[in-house]
Amino acid sequence: MMKEFKGRVVTPGTCTAEAVVTKQGFNTLASMQMALQFGDKQTKCGDQNNADINGLPLCGKALCLPQTIGSTTGGLVLYCANAMGRQPACMLFANHIDSLAAAGAVLADVWVEGSTMPVIDCLGDEFLDYVKTGMTVTIKEGGIVVVE
Amino acid sequence: MYLTPEQQAILDGEKGEVMAKVMKTMVMYGDAFEAEKLVPITSNYNHLVTSFGLKVMSPVYDLMQQLLDAGVMSGQKFSVDPRPLDKNVPASFLQNFVFNKFMYTKQAFYEDQLIKLGLMDKDAFTCACYMDEVGNTPKKGDVLSWAESSAVVYANSVLGARCNRNSGIIDIMGSIVGFVPYFGLLTDEGRKATWVVKIETTKKPEAQLLGSAIGMKVMEDVPYIVGLDKWLGNELDDSACTYLKDFGAATASNGAVGLYHIENLTPEAVEQGTALIAEGAREYIIDDAELERVKKDYPVIWKNPDAAPKLCFMGCPHMSLQQLKDWTDRVEAGLKEAGNSKVVIPTVFTAAPKVLEEFGKTEYAARLKATGVITSYICPLMYMNNPLCKTMPVITSSNKLRTYTSARYYTDDEILTAITKGGK
């Protein structure tokens with residue numbers, strides 16, 4: 001069944017991608033550091049503390065999360081993922097975006113030529129309750145997110 | 001966001017295209033939080049989180065080079081997180097090969113960039129930049145553009161400075177334009193506690209375990225902690241500050257805490273008391289059983305969970321001078337009790353280069369060396385940040401190191417037993 005959610009656009013864009021869902025905070029450094037360093041083109045999540053997504057590919061996926069947590073390298077890790085073309089297709093936050101993810105999204109938008117990683121936040125708890133890993137997520141204009 | 005004419009002119013390109021992009025970055029960053037304005041940075045020094053010359057981080061060094069080529073420099077000198085490598089730290093031939101020929105091939109290049117960008121001292125590499133010996137200690141009320149989660153939470157909570165949990169790169173960009181967006185932990189409202197945490201343990205809780213429990217519960221919210229002053233006292237003396245350094249690092253890495261208040265101890269809690277608690281704040285009670293539950297839930301990801309530890313890291317975040325002295329006493333006593341003359345697991349204590357320099361002037365340095373413990377300025381996290389270490393059984397009492405690597409967490413007492421008597 002299709003369901004539509006409305007959030008706030010942090011960085012604009014549209015896309016359709018398969019959802020990867022974490023119900024707990026996404027630790028950017030713990031999740032992406034090994035994959036980026038050692039040439040994992042799928043950017044498989046390496047966060048031992050996150051059973052929801054540990055081992056799942058993140059590159060090209062619709063990463064659905066409450067917020068990011070952990071090291072303040074988080075933003076630059078996201079920036080590097082974008083510059084290397086190994087970023088999620090989009091990031092969809094149930095909560096208000098946090099300062100580290102916002103930094104990553106903004107740095108990619110301003111400093112990476114041709115970067116496209118739309119980021120929507122404030123989608124609400126209902127969004128995270130509804131969306132499941134493997135579902136298809138489409139971002140439309142104006143912060144509309146369709147899950148099916 | 002309201003911009004002053006000066007800020008608007010920079011955004012419009014008056015100081016060049018690269019500077020305009022730096023300003024655009026800060027404005028967009030602020031817009032994400034509905035910041036109403038940019039406010040001046042008032043600290044003497046900045047602190048950056050990116051200290052490592054990882055080959056894979058080339059986009060970061062390319063960006064830094066853009067700044068240097070455009071002559072867009074930081075108005076402040078800065079300290080930076082620890083170096084990733086130190087030849088004194090035990091490493092296999094293969095590890096050294098991977099470190100030097102594959103991972104950190106950009107280290108020298110990046111350190112040269114840091115010097116050109118405004119590194120405050122050639123040895124200003126530490127996550128604990130606020131130590132007296134290092135000299136980057138902000139004053140209460142100072143507005144900062146720092147990154148490094150453990151330093152930010154310390155500066156906000158223990159020193160009463162004002163800083164958001166900025167990411168790497170944002171840290172230096174704020175410093176370059178001289179302004180940061182006014183939101184979150186810079187505002188009075190953002191510094192109010194939305195959690196009340198009641199400590200009801202029967203003994204002084206382990207700093208890094210307590211921080212982990214609170215971080216995982218409150219995530220990025222601000223906790224007001226009641227009952228910890230019973231164990232720490234009412235003065236921010238060396239012992240309390242050291243405890244809060246380790247506690248805060250765990251809250252920031254296991255969750256995303258940027259500020260905590262300790263009733264009757266930290267500056268704002270002393271001044272404002274329960275007025276700091278926001279309406280509708282939630283409650284979290286921590287007793288012995290809760291701490292035990294948290295510890296038991298940590299995953300063990302060693303290939304062989306029963307493997308004998310091959311390395312012990314202490315000092316993430318970097319140890320204080322007093323911690324080095326106290327641990328010297330503890331290790332000596334532990335060895336004596338066990339009938340051993342040297343530690344039975346290769347053990348590394350890490351601290352800031354300046355702290356190690358001061359430690360070296362004390363009689364403790366030779367005593368610690370005699371126990372076999374190695375001191376280093378390294379970042380344990382960066383050392384372990386590779387697949388070779390993933391299969392290596394490393395123990396630590398750092399909950400930050402546990403979070404980001406395969407290192408296994410033990411309490412300080414358990415670590416002492418392991419390194420002086422043997423066993424896990």
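Fair warning: this is a prediction, and the values are worked out from it, not measured in the lab.

Asker: How should I be thinking about unusual backbone geometry in this particular structure?
Answerer: Glycine aside, negative phi is the norm for most residues, and most peptide bonds take the trans geometry. The omega torsion of the bond from Cys316(B) to Pro317(B) falls at 5°, within 30 degrees of zero and hence cis. Checked against the element boundaries, Pro317(B) lands in strand E9 (residues 311-319). Its identity as a non-glycine residue notwithstanding, Thr43(A) has a phi of 50°, on the positive side. For Thr43(A), the position within the fold is in the loop between helix H1 (28-37) and strand E5 (62-65). With a phi angle near 55°, Glu34(B) is a residue other than glycine that sits in the positive phi range. In this structure, Glu34(B) sits in the loop between helix H2 (17-31) and strand E1 (38-40).

Asker: Explain a negative patch on the surface to me, please; I cannot follow it from the model alone.
Answerer: A grouping of Asp132(B), Glu235(B), Asp237(B), Asp238(B) and Asp326(B) is seen on the molecular surface, where their side chains present a negatively charged patch. Inspection of the secondary structure puts Asp326(B) in helix H13 (residues 321-338).

Asker: Would you take a moment to explain the sheet that holds strand E11 (residues 374-376) of chain B for this structure?
Answerer: Note: strands within a sheet are paired through backbone hydrogen bonds, in either parallel or antiparallel orientation. All names here are of chain B. The five strands are arranged E11-E10-E9-E12-E13 in an open sheet whose pairing can be described as parallel. Lying at the two open borders of the sheet, with one neighbouring strand each, are E11 and strand E13 (408-409). Together, E9, strand E10 (347-351) and strand E12 (394-396) form the strand contacts of helix H19 (residues 412-421), whose direction differs from that of E9 by roughly 140°.

Asker: Just checking my understanding: could you explain the packing of helix H3 (residues 99-111) of chain A against H2(B) for this structure?
Answerer: Put simply, H3(A) and H2(B) touch, their axes get as near as 9 Å, and they point 145° apart. Along this stretch, H3(A) crosses H2(B), giving a crossing that reads as right-handed. In this structure, H3(A) uses Ser99(A), Ala102(A), Ala103(A), Val106(A), Leu107(A), Asp109(A), Val110(A) and Trp111(A) to contact H2(B), whose residues at the interface are Val18(B), Lys21(B), Val22(B), Lys24(B), Thr25(B), Met28(B) and Tyr29(B). Per-class residue counts for the contact of H3(A) with H2(B) are 10 nonpolar, two polar and three charged.

Asker: Got a minute to help me understand H2(B) in this structure?
Answerer: Along an α-helix, a turn takes 3.6 residues, which lines up residues three or four apart on a common side. Residues and elements named next belong to chain B. With 15 residues, H2 extends 20 Å from end C-alpha to end C-alpha; this agrees with the ideal 21 Å at 1.5 Å per step. The element H2 is extensively covered by neighbouring structure, given that 11 of its 15 residues are classed as buried. Turning to H2, its buried residues number three or more, namely Val-18, Met-19, Ala-20, Val-22, Met-23, Thr-25, Met-26, Val-27, Met-28, Tyr-29 and Gly-30.

Asker: I keep staring at the interface of chain B and chain A and nothing clicks. Help me out?
Answerer: As a measure of interface size, the accessible area lost when the parts come together is often cited. Chain B puts 53 residues into the contact, and the matching count from chain A is 41 residues. When the two sides are added together, the surface that chain B and chain A hide from each other amounts to roughly 3800 Å², 65% of it contributed by carbon and sulfur. Applying the counting criterion to the chain B and chain A interface returns one salt bridge. Salt-bridge contacts for Arg8(A) lead to Glu34(B); the nearest nitrogen and oxygen are separated by 2.6 Å. Viewed at the interface, chain A and chain B are joined by 20 residue pairs in polar contact (both at pLDDT 80 or more). Mapped by element, the contributors of at least two residues to the side of chain B that touches chain A are H2, helix H3 (58-69), helix H4 (93-103), helix H7 (170-177), helix H10 (238-254) and helix H18 (399-404) of chain B. Ranked by residue count, the leading element in the side of chain B that touches chain A is H2(B), at eight residues.

Asker: Is there a simple way to think about the environment of Leu185(B) in this case?
Answerer: All names here are of chain B. Its place among the elements puts Leu-185 in the loop between strand E4 (179-181) and strand E5 (193-199). A relative accessible area of 10% places Leu-185 in the buried class. With residues near it in sequence (within four places) discarded, Leu-185 still touches Asn-156, Arg-162, Cys-163, Asn-164, Gly-190, Arg-191, Val-222, Gly-258 and Leu-259.

Asker: Any chance you could explain the pairing of strand E10 (residues 144-147) of chain A here in plain terms?
Answerer: Both faces of the sheet carry side chains from a regular strand, because those side chains alternate between them. All names here are of chain A. Here E10 shows a buried face lined by Ile-144 and Val-146 and a second buried face lined by Val-145 and Val-147. Relative to E10, strand E9 (residues 136-140) is paired through four bridges, and the arrangement is antiparallel. Each bridged residue has a counterpart across the sheet, and for Ile-139 the counterpart in E10 is Val-145. With antiparallel pairing between neighbouring strands as the criterion, E9 and E10 make up a hairpin whose turn holds three residues, including Gly-142 at a positive phi of roughly 75°.

Asker: Would you mind showing me how to read the pattern of salt bridges here?
Answerer: Once the charged atoms of two side chains with opposite charge are near each other, the side chains can pair. Residue and element names in this part refer to chain B. All chains considered together, the criterion is met by 27 salt bridges over all chains. Between Arg-83 and Asp-123 there is a salt bridge, with its nearest N and O atoms 4.0 Å apart. One end of the pair, Arg-83, is in the loop between strand E3 (78-80) and H4; the other, Asp-123, is in the loop between helix H5 (107-117) and helix H6 (149-157), with 40 residues separating them in the sequence. Assessed through its relative accessible area of 18%, Arg-83 is described here as buried. A salt bridge links Glu-358 to Lys-361, with the nearest nitrogen and oxygen atoms 2.9 Å apart.

Asker: Would you mind showing me how to read the state of the cysteines here?
Answerer: Disulfide: a covalent bond formed between the sulfur atoms of two cysteine residues. All names here are of chain B. With the rule as written, the count across this model stands at zero disulfides over all chains. Distance from the sulfur of Cys-379, which forms no disulfide, to the nearest cysteine sulfur (Cys-316) is 6.1 Å. With no disulfide of its own, Cys-389 has Cys-379 as its nearest cysteine by sulfur position, at a separation of 12 Å.

Asker: Please clarify how the domain arrangement of chain B should be interpreted in this entry.
Answerer: Residue and element names in this part refer to chain B. What the domain assignment reports for chain B is domain 1 (5-186), domain 2 (189-296) and domain 3 (311-421). Put simply, the middle of domain 2 and the middle of domain 3, counted by C-alpha atoms, are 25 Å apart. On the side of domain 3, 18 residues touch domain 2, which itself brings 13 residues to the contact. When the two sides are added together, the surface that domain 2 and domain 3 hide from each other amounts to roughly 1200 Å², 47% of it contributed by carbon and sulfur. Across the domain 2-domain 3 interface, the total number found is one salt bridge.

Definitions and cut-offs
Residues numbered from 1 in each chain as written. Chains lettered and ligands numbered in written order. Predicted model: local features only at pLDDT ≥ 70, side-chain atom pairs only at ≥ 80, totals over all residues. Heavy atoms only, no water. Helix = DSSP H or I, 4+ residues; strand = E, 2+ residues; numbered from the N terminus. Patch = residues over 30% accessible without salt bridge, like charges linked within 9 Å, V, L, I, M, F, W, Y side chains within 5 Å. Areas by Shrake-Rupley, 256 points an atom, 1.4 Å probe, with all protein chains shown as cover. Salt bridge = Lys/Arg side-chain N within 4 Å of Asp/Glu carboxyl O. Lys, Arg positive; Asp, Glu negative; His and termini not counted. Charge placed at Lys NZ, Arg CZ, Asp CG, Glu CD. Pairing = 2+ DSSP bridges. Contact = heavy atoms within 4.5 Å. Axes fitted to C-alpha atoms, helices over the stretch in contact; angles between N-to-C directions. Left-handed = near helix turned anticlockwise from the far one by under 90°. Nonpolar A, V, L, I, M, F, W, Y, C, P; charged D, E, K, R; others polar. Expected span 1.5 Å × (residues − 1). Buried < 20%, exposed > 50% of the residue type's maximum accessible area, 1.4 Å probe, protein only. Buried area = accessible area lost by both parts, 1.4 Å probe. Polar contact = N/O pair within 3.5 Å; in protein donor to acceptor, adjacent residues only side chain to side chain. Disulfide = S-S within 2.5 Å. Domains from an automatic or database assignment.

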